[in-house]
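# Structure at a glance
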Amino acid sequence: MLLETSSLTKSFGGLVAVDRIDLAIRKGEVRGIIGPNGSGKSTLFNLISGVYRADPGGKVVFDGRDITNADPHRIARLGVARTFQLLRIFGGMSALENLLIGHHGLIRYGTASAILGTRRVRAEERRVRQEMMELLSFIGLADFAEMPAAEMSIGQRRLLALGRAIAMRPKLLMLDEPAAGLSPVNVDKLLETVLALKSRYGLTVVIIEHILKVVMETCETITVLDHGEKIAEGPPAAIKEDHRVIEAYLGKEMDDAEVREFLRAS
Amino acid sequence: MPSGMRLLLPVVALGLGAAAAPAVAQDNIRVGITLRMIVENGLRYGQMTKEELEAVNATGGINGKKIEVILLDDECKPDKGVANVNRFIHQHKVHLVIGSTCSSVSMPMVDITAKEEVPQVVPHSTNANITKKGSAWVFRTAVSERFYASVHAKYLSENVGKKVAYLYTTDAAGIGFAKDYMSFMRKTYQTEPVYEAQMQETDLDFRSHLLKIKSFNPDVLAIGGQLDAIARITQQSYEVGIPSRVRRVAASAASNAPVPELAGDAAKGLTFAAAFSCKDERPVAQQFVKLVQEKYKVRCPDHDFSQAYETAQLVKLALSRASLKLTDAALADDRRAIRDALASIKDYHGLASGPISFCAEPTPQCRDGNRTGILVEYTKGGKDYDMRVLARVSFEPDFGLDK
Amino acid sequence: MHPIVPWLIGIVVLLPLPLLMPNAYQQYIVNVILINIILAVGLNIVKGFAGQVTVGHIAIAAIGAYSSAVLSTKVGLPFWLALPSAVLIAGAAGAMIGIPSFRLEGAYLALATLGLAESVRIAISATDALGGAIGYQNIPPPFLFGQPLDTHASYYYVVLPLALTAMYFSFSILRSDIGRAFKALREDPLAAAACGVDVRRYKVIAFVVSALYAGCAGSLLAHMSPGFIHPNSYTITEMVTLLLMVVFGGIGHIWGGVIGAILVTIIYDLTRDYYQYQMAMFGGVVVLTVLYMPKGIGGLIDQYLVRRRFNAIRQVKSNAA
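To start, this report covers the structure provided alongside it. The model shown is predicted, which means the values in this text are computed figures rather than measured ones. (Residues numbered from 1 in each chain as written. Chains lettered and ligands numbered in written order. Predicted model: local features only at pLDDT ≥ 70, side-chain atom pairs only at ≥ 80, totals over all residues. Heavy atoms only, no water.)

Moving on, we get to the interface of chain C and chain A. Contacts between chain C and chain A engage 30 residues on the former and 29 residues on the latter. Across the chain C to chain A interface the summed buried area is about 2,600 Å²; carbon plus sulfur atoms make up 62%. Note that lysine 183 of chain C and glutamate 97 of chain A form a salt bridge whose closest N and O atoms lie 2.6 Å from each other. Summed over the shared surface of chain C and chain A, the result is 15 residue pairs in polar contact (both at pLDDT 80 or more). For the side of chain C that touches chain A, the residue count by class is 18 nonpolar, four polar and eight charged. (Contact = heavy atoms within 4.5 Å. Buried area = accessible area lost by both parts, 1.4 Å probe. Salt bridge = Lys/Arg side-chain N within 4 Å of Asp/Glu carboxyl O. Polar contact = N/O pair within 3.5 Å; in protein donor to acceptor, adjacent residues only side chain to side chain. Nonpolar A, V, L, I, M, F, W, Y, C, P; charged D, E, K, R; others polar.)

Have a look at this one:
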């Protein structure tokens, strides 16, 4: 297993956002995580990536290493890349610089040589810039390399966020609603890119998504969360039939219209 | 060359061009003044010094030469003072520098005027070290602290008595006042305090100490601290029954109006040392007070006013005595001539409470020219308080110097 | 071409500058500009690039100045050893001033660093061994081959190479991965951490590197004729002037500190005669800059360059068509 969590729990005051989640993700898998609003999906990502501290008793093991409550940058360096729902790209920096920051952990020169501006620093900078330009072309943003990220369109920014995660050369790529706000055409394009990247870099992918089409078509296994608990897990076909899933979505007043429609239609 | 650097060069060029020297007016006597001006009356001190100097231009100048004054603020910051004096000397090519208010600014200025050989007159700074640097170019019109701190001690020990009780608060003003007085009494008369007590700045009730002091029956009650403490101690000293023949003397904060107002009737007889009082009855002083009242709208000018005025008068006197060529080539000679003219001033009777005398040697004896302080006494307390000059106290040139 | 070559050329080109200056006052102002460049470039690293709102920079300069003064007068080190030692001491102080940044940001960090800075200044004022409120005097000038460099013209040859070296270092660090990491933690520390940037480490690096600059500038100010330093030169007013340099020059612009230091120092000097209005004028400039020119002069220059490049591209394309 590449990623395993056991009784991973997070409560905020009285509210249990993530409740004893056990998750096991195989190397090379594409896993979907779905659930109604507030079911704890993003909190789960934040726990795995070290943004939140897990409640005692929970455990996260990545690639055979216990990473429970490790610092986010440490977890990132071990090979866990994630995107954010709100993207959090560096708006004041160019597209190329965004990717270069993604590549930060793989740049091999020290602070002292950076201050002195040694030959090695310049050679390494040339190398990584070239490499990141290639990645930019791959995600189709090469023409915008120097553009400040804040001035890009929403679709370009989604791609850039993806590219920045890929620039980390991760083993595990965790995408938090990568298609939100995109037109159907752009959703397809994004999915293509994700799958192309997956095969190109041999990634394991976890996708949180509201657009069920995305998970149903892309993922081999789907995990369903509700009220912080895992209520179902299995291949897309089985999930569609699972009565607990249907209940979780349909039985709610304040749930997602699109999800309900999708379940009804299928 | 990187594009940024290409852009920078015009910026540098522009800046340096803008900073280029303004043409120096030939044939004028140029004086640079730097003072701390953005404080209560600061602007007026600067203005007065400038106007007093420039006043001669209306009546044909000094020996036919006009005075040009460059006035700058140094904000009591040494780096600003240094910048100003550099500017005076190198850019405006002044013949003389006046400055500054704060000792910490005058001090580095002395180093520069000594090195560049430009006469400097210090109007306000009192720190004793200013004239101890061995500079032949510095003159002080303020009363050096080595005299000032002992004005009351000298007068009271000679005229009132040597049994002194000390009550003071533990701030710098309070401690400084008491320590200076005590060390004067020890050095001069080998006399120890009859009573000594420190209180906190925030204390309100001093009566237990005052009761003890009463039982020692001292000649003098020395009160150190800020104005609140001074007013309270003065008042409470009467409440506990210390008789009025015991002379109350306080730190210099006592000169501030709130003290007689707060202390009320108890303020009568309270004394403090000063360099100048607007109640000074000499005609020269009253004329000056009237001038300040009319021109600068200040009812009771303090010693910073009087010393600014006095500095301008001394400078004019020296300029009139020096024979000046006022050409670029003669700048160094002219500066030297002005310095020598300043050093030649002897027994100048102006606003200062005693005569001002300078001499040629680069020593504090020669350059602390104003060696007279006054003792001021409140004659009436309350809102319409009044005071008078009780005594003038002059010191020997050597006073307060390590032998 | 090695990137240091333009800087070496720069030093050579600027060598005769004192000879071109009409008088020693301008030589003095040039020295002050160069020292302010070192200060502002250092502040630009921590404030402009790493986005840490510090008000402690001026106190670090004070620490550099007083360390250098004590080491040269009481320990007897020559300037050439006192300066690097002061730089190192300032660096250590910078690490300490940086610690609050682990937990605080924005206005809270500004307040915390302000507290630290003021306590440094007050501690100096209260320490008689450091000259207290009177000031520390008789700090010796640098000596070269037995000759004191105590004129403004000769001191220029100490300040110029140091200032350009400091600029070179700042350029190479800001153009490297370290500089990008600074910007990333300014833009979004959480996203930076998710990209593998050790946020605390880079905050400390930013504070320490900028402190090295402040220490160097402090030492240079201390040894500049007449060799006198005073706590009044390290108050919040001076800090605001430094911030003005960085804001005016362009926050986060690689030339920001340099342009700001040059312009602010010169404008300040030219407006000395209007001391009554000076503070108000400077306050107004800050407000106007923040409102209408948030990226400072550096931002304007960038805009101009970008527009020119686009125009050139358009030209090429229309020629082709």
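This next bit is on the packing of aromatic side chains. Aromatic ring pairs are described here by two measures, namely the spacing of the ring centres and the angle between the planes. All names here are of chain B. Under the criterion given, the structure shown has 25 aromatic pairs over all chains. Relative to phenylalanine 305, the ring of tyrosine 45 has its centre 4.8 Å away and its plane inclined at 80 degrees; by these criteria the two rings are edge-to-face. Linking tyrosine 45 in helix H2 (residues 42-58) with phenylalanine 305 in helix H12 (residues 303-321), this pair joins segments that are 260 residues apart in sequence. Taking relative accessible area as the criterion, tyrosine 45 reaches 7% and is therefore assigned buried. Measuring from ring centre to ring centre gives 5.2 Å for phenylalanine 139 and phenylalanine 358, while their planes differ by 80 degrees; the resulting arrangement is edge-to-face. Of this pair, phenylalanine 139 sits in strand S5 (residues 138-140) while phenylalanine 358 is found in the loop between helix H13 (331-343) and helix H14 (364-367), placing the two residues 219 residues apart along the sequence. Taken as a pair, phenylalanine 139 and phenylalanine 358 share a single burial class, namely buried. Taken together, the aromatic side chains of Phe147, Phe184, Tyr189, Phe395 and Phe399 make up a single cluster linked through ring pairs. The side chain of lysine 162 reaches across the aromatic face of tyrosine 189, ending 4.9 Å from its centre. In this structure, arginine 339 is placed above the aromatic ring of tryptophan 137, and the distance from its NZ or CZ to the ring centre is 4.4 Å. (Phe/Tyr/Trp six-rings, centres within 6.5 Å; stacked < 30°, edge-to-face > 60°. Helix = DSSP H or I, 4+ residues; strand = E, 2+ residues; numbered from the N terminus. Buried < 20%, exposed > 50% of the residue type's maximum accessible area, 1.4 Å probe, protein only. Lys NZ or Arg CZ within 6 Å of the ring centre and 35° of its normal.)

Following the criterion strictly, the structure yields 42 salt bridges over all chains and no others. A salt bridge links glutamate 52 of chain B to lysine 316 of chain B, with the nearest nitrogen and oxygen atoms 3.7 Å apart. Taken together, the residues glutamate 52 of chain B in helix H2 and lysine 316 of chain B in helix H12 connect sequence positions 264 residues apart. The pair formed by glutamate 52 of chain B and lysine 316 of chain B is uniform in burial state, with each residue classed as buried. Each of the salt bridges in this network shares a partner with another, and the network as a whole consists of Glu75, Lys77 and Lys80 of chain B together with Glu238 and Arg272 of chain C.

Where two pairs of chains are in contact, the pair with the most contacts is made of chains B and C. With no contact between them, chain A and chain B keep their nearest C-alpha atoms 16 Å apart.

On the side of chain B, 45 residues touch chain C, which itself brings 42 residues to the contact. Summing the contributions of chain C and of chain B, the shared interface buries around 3,800 Å²; its carbon and sulfur component is 65%. The largest share of the area that chain C buries against chain B comes from Tyr25, Arg272 and Tyr275 of chain C, three residues that together contribute 18% of it. Where chain C touches chain B, the interface holds five salt bridges. Put simply, aspartate 269 of chain C and arginine 87 of chain B hold a salt bridge, and the shortest N to O gap is 3.4 Å. Counting every contact that joins chain C to chain B gives 19 residue pairs in polar contact (both at pLDDT 80 or more).

Time to look at the state of the cysteines. Residues and elements named next belong to chain B. Counted under the stated rule, the structure contains three disulfides over all chains. Across the disulfide, cysteine 278 is cross-linked to cysteine 300 (sulfur-sulfur distance 1.9 Å). The chirality of the disulfide connecting cysteine 278 with cysteine 300 is left-handed, given an S-S dihedral of about -90 degrees. On the criterion of sequence distance, the pair formed by cysteine 278 in the loop between strand S10 (271-274) and helix H11 (283-296) and cysteine 300 in the loop between H11 and H12 is long-range, its members being 22 residues apart. According to the relative accessible area criterion, cysteine 278 is buried, its value standing at 9%. Put simply, cysteine 359 and cysteine 366 are joined by a disulfide, and their sulfur atoms are 1.8 Å apart. (Disulfide = S-S within 2.5 Å.)

Residues and elements named next belong to chain B. Relative to strand S12 (residues 386-394), strand S11 (residues 372-380) is paired through eight bridges, and the arrangement is antiparallel. Directly across from lysine 380, in S12, lies its bridge partner aspartate 386. From the end of S11 to the start of S12, which pair antiparallel, there are five residues, and glycine 382 there has a positive phi angle of about 85 degrees. (Pairing = 2+ DSSP bridges.)

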